[in-house]
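Close look at the chain arrangement
Chain by chain, the residues run as shown.
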Amino acid sequence: GFLSYGVDRCQFNSTELKDIEYIYSEYYNKLEIYRFSSSLGKFVGYTEYGVKQAKYFNKDTAYVSSLNAQKETYCQHNIGIW
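Residues numbered from 1 in each chain as written. Predicted model: local features only at pLDDT ≥ 70, side-chain atom pairs only at ≥ 80, totals over all residues. Heavy atoms only, no water.

Looking up the chain in an unreviewed UniProt entry gives the name MHC class II beta chain, with the organism given as Melanochromis auratus.

Written out as structure tokens, the structure is:
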């Protein structure tokens, strides 16, 4: 069979918002297809299909903005919990 999955993660050096990076990656059979990075503020594709998906998602400014907000609402909010 085939396996497709997404991973949300936060990378940070401190609890300050400027030191936090939110990353959402989409994988297919252990290969990263595309990724959203709050540091870049956009999607980046790593395969031919991923490049097409990144281009498509980057056109949706509301979606990109909502993912950028995850740095604060998902990452910073949960630092004390983790």
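Having seen the model, we can carry on.
Moving on: the nonpolar core. Membership of the largest hydrophobic core comes to 14 residues, with the highest contact counts inside it found for Tyr22, Tyr34, Phe36, Phe43, Leu67 and Cys75. Elements supplying a minimum of two residues to this core: β2 (20-28), β3 (31-37), α1 (48-58) and α2 (61-78). Setting aside its immediate chain neighbours within four residues, tyrosine 34 contacts Tyr24, Ser25, Glu26, Phe43, Val44, Gly45, Tyr46, Gly50, Gln53 and Phe57. (Core = buried A, V, L, I, M, F, W, Y, C linked by side-chain atoms within 4.5 Å. Buried < 20%, exposed > 50% of the residue type's maximum accessible area, 1.4 Å probe, protein only. Helix = DSSP H or I, 4+ residues; strand = E, 2+ residues; numbered from the N terminus. Contact = heavy atoms within 4.5 Å.)

Counted residue by residue, β3 has 5 buried out of 7 residues, so it is predominantly covered. With 6 bridges connecting them, β2 and β3 associate as antiparallel partners. Following the sheet pairing, tyrosine 24 is matched in β3 by phenylalanine 36. Sheet topology places β3 next to strand β4 (residues 42-45); 4 bridges connect them, and they run antiparallel. Considered in β4, the bridge of tyrosine 34 is made with glycine 45. (Pairing = 2+ DSSP bridges.)

In protein chemistry, a disulfide is the covalent bond that joins the sulfur atoms of two cysteines. A full pass over the atoms with the stated rule returns 1 disulfide. With a sulfur-sulfur separation of 2.1 Å, cysteine 10 is cross-linked through a disulfide to cysteine 75. Taking the sign of the S-S torsion, -85 degrees for the link of cysteine 10 and cysteine 75, the bridge is left-handed. Of this pair, cysteine 10 sits in strand β1 (residues 4-12) while cysteine 75 sits in helix α2, and the two are 65 residues apart along the sequence. (Disulfide = S-S within 2.5 Å.)

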